[in-house]
Amino acid sequence: MLFWYFFRIFLHLLSGLMTCAFVFPFIDVEKQQNKVRVWSQQLLGICTVDVRFKDASNGAIAERALIVSNHVSWLDIFVINTLHPCHFVAKSDIRHWPLIGFLCEKAGTIFLARGKQREVRRIYEGLVHQIADGKRIAFFPEGTTSAQGTLLPFHANLFEAAIEAKVPVQPFVVRYVDADGKFHQAADFIGDMTFAESMAVILRAPRMTAELIRLPAISTEGAHRREVAQQSRAVVMQELGISEV
């Protein structure tokens, strides 16, 4: 049964690659986003992951914003894409993942090498231009994944892109729960776990639900990037029910 699921995922990844290569060049951005949304929904369906969206923004939604979220798993990108297909900033390691790395690149993922300040500056400048052009940009300010029930500090550098582009930050929360509403630990993608190992754990586990929660947009007008990063982390922590130790 596990082999069958892996085979279905392989075929789905291939279909995504074919779509990026042979369909995307001939359709407009709106149609591309619709295809990304449907493809992401189908991938999660194969992985036996349901998605439940909750709008906790109280109407504070920005049409143009920099999207940020906590980071639990490689699934997060596809969960967010079911609502808002985005261009993600992701660690450069993902580019080397079989098939999915190439697919992410073709879908517009922006890869960032760790620990290279010059690279951060280059990416940041590119983000400002892309936001100004109306593209939806998202990133995970923890910089890596963290186990559910925890939240790492938010790196502030890329928040500067929202300030310079004069757009707010729209925080999201992603969490994975079981049938009883408790954190589903099979979603955790941490340590030295490989993409294939993570996928095997998810496919062997009982069905899970990915909860995607949109929080109120945070204004960046007159703010410092560290203030925006701290405020974003605070509202994400509150939604997750996490307190500082």
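You'll find the structure just up there.
The text that follows walks through the structure, step by step, so that each part is easy to find. This structure is a prediction, so every number in the text was calculated from the model and none was measured.

Residues Met-1, Phe-3, Trp-4, Phe-7, Phe-10, Leu-11 and Leu-14 make up a contiguous nonpolar surface patch of roughly 770 Å² in combined accessible area. Its location among the elements puts Met-1 in the segment before helix H1 (2-22). Residue classification places Met-1 among the exposed positions, given a relative accessible area of 71%.

What you see with strand E2 (residues 66-69) is no split at all: Leu-66 and Val-68 on one side and Ile-67 and Ser-69 on the other are buried throughout. The pairing of E2 with strand E5 (residues 137-139) spans three bridges and is classified as parallel. Among the inter-strand pairings, Ile-67 is bridged to a residue of E5, identified as Ala-138. Summarising the sheet, E2 and strand E6 (residues 169-177) pair through four bridges and their orientation is parallel. Residue pairing for E6: Leu-66 is matched across the bridge by Val-169.

Okay, the environment of Ala-187 next. Residue position: Ala-187 is located in the loop between E6 and helix H7 (195-204). The contact partners of Ala-187, leaving out residues within four places of it in the chain, are Val-72, Ser-73, Gln-148, Tyr-176 and Met-208.

For the structure on display, the rule yields seven aromatic pairs. With 5.9 Å between their ring centres and 55 degrees between their planes, Trp-39 and Phe-78 make a pair best called tilted. With a gap of 39 residues between them, Trp-39 in helix H2 (residues 29-46) and Phe-78 in helix H3 (residues 75-81) connect regions that are remote in the sequence. Given a relative accessible area of 12%, Trp-39 falls into the buried group. You can call Phe-78 buried: its relative accessible area is 6%. Geometrically, the ring pair formed by Phe-88 and Phe-140 is stacked, given 5.7 Å between the ring centres and 20 degrees between the ring planes. Of this pair, Phe-88 sits in strand E3 (residues 87-91) while Phe-140 sits in the loop between E5 and helix H6 (159-165), and the two are 52 residues apart along the sequence. When its relative accessible area of 2% is taken as the criterion, Phe-88 is described as buried. Each residue in the set Trp-39, Trp-74, Phe-78 and Phe-195 is aromatic and connected to the rest through ring pairs, giving one cluster.

With that out of the way, let us pick up the pattern of salt bridges. In total, this model carries six salt bridges according to the counting rule given. Linking Asp-50 and Arg-207 is a salt bridge whose minimum nitrogen-to-oxygen distance equals 3.0 Å. Placement of Asp-50 in strand E1 (residues 49-55) and of Arg-207 in the loop between H7 and strand E7 (208-214) is noted, with a sequence separation of 157 residues between them. For Asp-50, a relative accessible area of 31% gives the class partly exposed. You can call Arg-207 partly exposed: its relative accessible area is 46%. Ionic pairing is found between Arg-214 and Asp-55, a salt bridge with its closest N-O pair at 2.9 Å. Note that Arg-214 is positioned in strand E7 and Asp-55 in strand E1, a separation of 159 residues in sequence. On the accessibility criterion, Asp-55 (40% relative accessible area) is partly exposed. The network of salt bridges with shared partners includes Arg-52, Lys-54, Arg-175, Glu-211 and Glu-239.

Another point: the nonpolar core. If you look at the biggest cluster of nonpolar residues, it comprises 46 residues, and the most contacted ones within it are Ile-9, Cys-47, Val-49, Trp-74, Phe-78 and Tyr-176. Broken down by secondary-structure element, the contributors of at least two residues to this core are H1, H2, H3, E3, helix H4 (100-106), E6, H7 and E7. Core analysis: the next-biggest nonpolar cluster, separate from the first, contains 34 residues, Ala-56, Ile-123, Ile-131 and Ala-229 among them.

Calculation rules
Residues numbered from 1 in each chain as written. Predicted model: local features only at pLDDT ≥ 70, side-chain atom pairs only at ≥ 80, totals over all residues. Heavy atoms only, no water. Patch = residues over 30% accessible without salt bridge, like charges linked within 9 Å, V, L, I, M, F, W, Y side chains within 5 Å. Areas by Shrake-Rupley, 256 points an atom, 1.4 Å probe, with all protein chains shown as cover. Salt bridge = Lys/Arg side-chain N within 4 Å of Asp/Glu carboxyl O. Helix = DSSP H or I, 4+ residues; strand = E, 2+ residues; numbered from the N terminus. Buried < 20%, exposed > 50% of the residue type's maximum accessible area, 1.4 Å probe, protein only. Pairing = 2+ DSSP bridges. Contact = heavy atoms within 4.5 Å. Phe/Tyr/Trp six-rings, centres within 6.5 Å; stacked < 30°, edge-to-face > 60°. Core = buried A, V, L, I, M, F, W, Y, C linked by side-chain atoms within 4.5 Å.

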